[in-house]
Amino acid sequence: MGSTVAAVLAGEGVDVVGIDVDPELVTRMERRRHRLAEPGLPELLYGGLDSGRLRVTTDYDPVSDADVVIIAVGTPVKDTELVDVYLRAACTELGKRLRAGQLVILKSTVPPGVARKVVAPLLESGGLTVGEDFGLAFCPERLSEGQALRELRAFPIVVGGWCPDSAAAASAFWRRTIGAEIIDCTSLESAEVVKLASNWWIDHNIAMANDLAKLCDVLDVDVLEVIAAANTIPKGTGNVNILLPSVGVGGSCLTKDPWMVWRAARDRDLELDTIPVAREVNDSMPAYTAALIVEELARLGRRPERARVAVLGVGFKNNTGDLRATPVLPVVAGLRRDGAEVVLHDPLADPGEVEKTFGLAPVETAREALAGADCVAVLARHDEFAEIDLVAFREVVAPSCVIVDGRAYYSRETIDRFRRHGYAYRGIGR
Ligand SMILES: NC(=O)c1ccc[n+]([C@@H]2O[C@H](COP(=O)([O-])OP(=O)(O)OC[C@H]3O[C@@H](n4cnc5c(N)ncnc54)[C@H](O)[C@@H]3O)[C@@H](O)[C@H]2O)c1
């Protein structure tokens, strides 16, 4: 997220210094060797480095020269609790270097109260006072991977300030740099909850879509047809908007942010029932998908231990090579436990990372993956795969082969075409 914000700001002509504690990351970036699986980001980031508008370093000292300091360190959750070591470390370093007149913008996702109770005191540890000497605002990052650049420029920016002056300074910064529309929140806490509420809603909505898909499967109706029709009814300020079912919910946000909300409530003696339920439903999808693949293989007369499954796309969703909490991992693990031979292919994911995560080296080309496959499982449908016409590979795969659609959402016409050319097809809820 930090590299996206840095690259976009540099692209708008702002002088940016990107600071990261990971020296290898900084070196890889300086050498233009860092693999960024975000469409358009390498060009923008390396363009920024080439132009001199962007520098990357492990050194915190340039902080003293900055007008605005943006915090974008990771804020993982372990056992429902925020792991705040990275945030604390960054704020401690900043506290030593802040000077009067600066504005600090927290962008990392945090539970309500963290900006005020954790970030502000650490920033003040060098002797300055927030609200008097320097400003503090929370502006949650709401972009999603795969379309980060577009969304960063297009989405309104939520601003919650320590004080009205901090909020005004942050709003002015985003308006001046990326021309963003600003959504004012009256407090840091309000802006913190905005971010979490959005991801709570998304996770919850997907859980409903996944349950709906399971229902449609047993009713033998197409869940996408149902969703498309259901979504035509106006409700509230928009339409009913059921999101899409899939092989599962992964990534570093939706798998943790709802737990931040749940934990914040629990710490205040409030029990939120919807969050664990939604998480459980979404976490059930990889096993559901693996079972579906085994079922389809059985229909083709193949036992899993004699089957070869080609997995196209191992990222946690379409158009990203990010493997964090990817639901593809438990699908693959389940299939391998059942004895299947699994071959992985993903043009966006770093091959070394894939091997480390899956314990299985990916193959470089789709042809290698598809050779002799009894099942083609499209578990993340990247735009690159549009060039792979599975029909053209009909002679490459096994004579009986099923396409399992975990996130490709093939049209009826495409599915009919697959079937006309001798493929079986099965989707999540279709
Ligand atoms: N990835 C997304 O799509 C996304 C979207 C919205 C919000 N967010 C939020 O943004 C934050 C960052 O997410 P991310 O996916 O970029 O995480 P990340 O783990 O990919 O990146 C965090 C970076 O911070 C660096 N870091 C750790 N401690 C540091 C320190 N003390 N000083 C300087 N650098 C330090 C790490 O080395 C790492 O490179 C999180 O709070 C996340 O919830 C992420």
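Here the structure is a predicted model, which is why all the values come from computation and not from measurement.

Caption draft 1: The nonpolar core, seen in detail. Among the nonpolar cores identified, the biggest contains 37 residues, and Ile293, Val309, Val311, Val314, Leu344 and Phe358 are the most heavily contacted of them. Once residues within four sequence positions are removed from consideration, Val311 is found in contact with Val328, Val332, Val342, Val343, Leu344, His345, Ala377 and Leu379.

Caption draft 2: Inspection of the domain arrangement of the chain at higher detail. Once the domains are mapped, the chain shows domain 1 (2–188) and domain 2 (283–427). Each of domain 1 and domain 2 was reduced to a C-alpha centroid, and the two centroids are 37 Å apart. At the junction of the two partners, domain 1 supplies six residues and domain 2 supplies 12 residues. The largest contributions to the domain 1 side of the interface with domain 2 come from Arg35, Ala37 and Glu145, which together make up 85% of the buried area. Put simply, domain 1 and domain 2 have five residue pairs in polar contact (both at pLDDT 80 or more) between them. Taken together, the residues of the side of domain 1 that touches domain 2 sort by class into two nonpolar, two polar and two charged.

Caption draft 3: Fine view of the site of the ligand. Taken together, 24 residues sit near the ligand, with Met1, Asp20, Tyr60, Thr75 and Lys256 positioned nearest. In this structure, an oxygen atom belonging to the ligand sits 2.7 Å away from a main-chain N or O atom of Met1. At a separation of 3.0 Å, a nitrogen atom of the ligand approaches a polar side-chain atom of Glu145. Expressed as a share of its isolated accessible area of 830 Å², the protein-covered part of the ligand is 82%. If you tally residues by element for the shell around the ligand, the top one is helix α4 (residues 85–97), at three residues. Here the shell around the ligand is composed, by residue class, of 12 nonpolar, five polar and seven charged.

Caption draft 4: Quick look at the pairing of strand β14 (residues 375–378). Because side chains alternate across β14, one face comprises the buried residues Cys375 and Ala377, and the other comprises Val376 and Val378, equally buried. Relative to β14, strand β12 (residues 308–312) runs parallel, the two sharing four bridges. Bridge pairing in β14 places Val311 opposite Ala377. Pairing between β14 and strand β15 (residues 401–405): four bridges, direction parallel. Looking at β15, one finds that Ala377 is bridged to Val404.

Caption draft 5: Representation of the UniProt feature "domain: UDP-glucose/GDP-mannose dehydrogenase C-terminal" (unreviewed entry) in the chain in the model. Those residues carrying the UniProt feature "domain: UDP-glucose/GDP-mannose dehydrogenase C-terminal" (unreviewed entry) are residues 310–412 in this numbering. Summarising residues 310–412: 23% helix, 17% strand, and an end-to-end C-alpha distance of 22 Å.

Conventions used here
Residues numbered from 1 in each chain as written. Predicted model: local features only at pLDDT ≥ 70, side-chain atom pairs only at ≥ 80, totals over all residues. Heavy atoms only, no water. Core = buried A, V, L, I, M, F, W, Y, C linked by side-chain atoms within 4.5 Å. Buried < 20%, exposed > 50% of the residue type's maximum accessible area, 1.4 Å probe, protein only. Contact = heavy atoms within 4.5 Å. Domains from an automatic or database assignment. Buried area = accessible area lost by both parts, 1.4 Å probe. Polar contact = N/O pair within 3.5 Å; in protein donor to acceptor, adjacent residues only side chain to side chain. Nonpolar A, V, L, I, M, F, W, Y, C, P; charged D, E, K, R; others polar. Near = heavy atom within 4 Å. Areas by Shrake-Rupley, 256 points an atom, 1.4 Å probe, with all protein chains shown as cover. Helix = DSSP H or I, 4+ residues; strand = E, 2+ residues; numbered from the N terminus. Pairing = 2+ DSSP bridges. UniProt positions renumbered as here; feature names shortened; annotations may be inferred.

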